[in-house]
Amino acid sequence: MGVELAQGEEFSVQDSEGGGLSLIRMGLGWRALERGDGFLSKMFDSRRDIDLDASAVLFAGESAEDVVYFKKLTSDDGSVTHSGDSLTGGAGHEDDESITVDLRRVPERIDQIVFTVNSFTGRRFSQVRDAFCRLVDAATGEELARYTLTGGGAWTGQVMAKVRRRGAGWQMTAIGAPTSGRTIQDLLPAIRPHL
């Protein structure tokens, strides 16, 4: 188990021996609230699936150069790949969507990669359980850091975390800023204050 990050906390992206990583995976996992058993619950709220979407935006300074999400699974340069769209979430223990970044292949002009999550169906995070974002050494599968979405709320989006260049290496920052929006395009204005 990796380090549990608090909002705004930074984490140096290194392997267990203190060396820089070359391949990281940002995992997103969640589960929807369970259906009620009553007649009215089944009649009026029969669909409890929640479609959360993980996205990554590649920045050069304050300019969004590329985006990877469920409709565009690979960055133009091939350094960032998305696992594909999960429409329902899972048991809340494993990654339902993930984005893998080959840090060696990220173009030099890209200095930050921001990870977001949004509820495509418009359901609020108060209806999501056991949601988390985690950073994994993709070469070994070792979890390095985890950020838990707590508090739910009436939000439909969140700027989760970012990795940014620090000298020759990279550093992760847990952002955890709630916002509203059903798509990555809706969330772009909320990302800018965190660059």
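Our subject is the structure that appears above.
None of the values given here were measured: they were computed from a predicted structure. (Residues numbered from 1 in each chain as written. Predicted model: local features only at pLDDT ≥ 70, side-chain atom pairs only at ≥ 80, totals over all residues. Heavy atoms only, no water.)

A. The arrangement of the overall build of the protein chain in detail. Across its full length, the protein chain holds two helices and 12 strands. Traced from its N-terminal end to its C-terminal end, the protein chain shows the element sequence β-β-β-α-β-β-β-β-β-β-β-β-β-α. In the protein chain, 69% of the contacts between residues at least 6 apart in sequence involve partners at least 24 apart. With the model as given, the accessible surface of the protein chain reaches about 9200 Å², and the carbon-plus-sulfur share is 48%. (Helix = DSSP H or I, 4+ residues; strand = E, 2+ residues; numbered from the N terminus. Contact = heavy atoms within 4.5 Å. Areas by Shrake-Rupley, 256 points an atom, 1.4 Å probe, with all protein chains shown as cover.)

B. Representation of the nonpolar core within the structure. In terms of nonpolar packing, the biggest core is built from 34 residues, with Val-13 and Ile-113 touching the most fellow members. Counting only elements with at least two residues in this core, the list comes to strand S3 (23-32), strand S4 (52-60), strand S7 (97-102), strand S8 (112-119), strand S9 (128-137), strand S10 (142-148), strand S11 (157-166) and strand S12 (169-179). Phe-59, Tyr-69, Val-159 and Ala-190 belong to the second largest nonpolar core, which has 11 residues in total. (Core = buried A, V, L, I, M, F, W, Y, C linked by side-chain atoms within 4.5 Å. Buried < 20%, exposed > 50% of the residue type's maximum accessible area, 1.4 Å probe, protein only.)

C. Focus on the pairing of S11. Burial of S11 is extensive: eight of the 10 residues sit out of reach of the surface. The pairing of S8 with S11 spans seven bridges and is classified as antiparallel. For Asn-118, the partnering residue across the bridge sits in S11 and is Gly-157. Note: S11 against S12, nine bridges, orientation antiparallel. Within S12, the position partnered with Val-159 by the bridge is Ala-177. Between the end of S11 and the start of S12, which pair antiparallel, lie two residues, with Gly-167 showing a positive phi angle near 65 degrees. (Pairing = 2+ DSSP bridges.)

D. Highlighting the packing of aromatic side chains. Evaluation of the coordinates by the stated rule reveals two aromatic pairs. Ring centres of Tyr-69 and Phe-70 lie 5.6 Å apart, and the angle between their planes is 80 degrees; on these two criteria the pair is classed as edge-to-face. You can call Phe-70 partly exposed: its relative accessible area is 22%. When the ring of Phe-70 is compared with that of Phe-120, the centres are 5.5 Å apart and the planes differ by 75 degrees; the resulting orientation is edge-to-face. Taken as a pair, Phe-70 in the loop between strand S5 (63-68) and strand S6 (80-82) and Phe-120 in the loop between S8 and S9 lie far apart in primary sequence, 50 residues in all. Grouped by ring-pair contacts, the aromatic residues Tyr-69, Phe-70 and Phe-120 constitute a single cluster. Here the guanidinium or amino end of Arg-182 rests over the ring plane of Phe-120, the centre of that ring lying 5.1 Å away. (Phe/Tyr/Trp six-rings, centres within 6.5 Å; stacked < 30°, edge-to-face > 60°. Lys NZ or Arg CZ within 6 Å of the ring centre and 35° of its normal.)

E. The side chain of Asp-66, seen in detail. Examined against the element boundaries, Asp-66 turns out to sit in strand S5. Judged by its relative accessible area of 11%, Asp-66 is buried. Of note is the side chain of Asp-66, whose polar atom sits 2.6 Å from the backbone nitrogen of Asp-76. (Polar contact = N/O pair within 3.5 Å; in protein donor to acceptor, adjacent residues only side chain to side chain.)

F. Main features of helix H2 (residues 184-191). Within the sequence span of H2, burial applies to Ile-184, Leu-187, Ala-190 and Ile-191. Looking straight down H2, one finds that the buried residues subtend no more than 95 degrees of arc, so they occupy a single side. Contact partners of the buried residues in H2: S4, S5, S8, S11 and S12. (Arc of directions from axis to C-beta.)

G. Molecular detail of the environment of His-82. Take His-82: it is sitting in strand S6. Along the backbone, His-82 and Ala-56 are 26 residues apart, and their C-alpha atoms lie at a distance of 8.7 Å. Each residue touching His-82, except ones within four places of it in the same chain, is listed here: Ala-54, Val-68, Tyr-69, Phe-70, Leu-73, Glu-97, Ser-98 and Ile-99. Here the side chain of His-82 touches Ala-54 through a polar contact of 3.0 Å, landing on its backbone oxygen.

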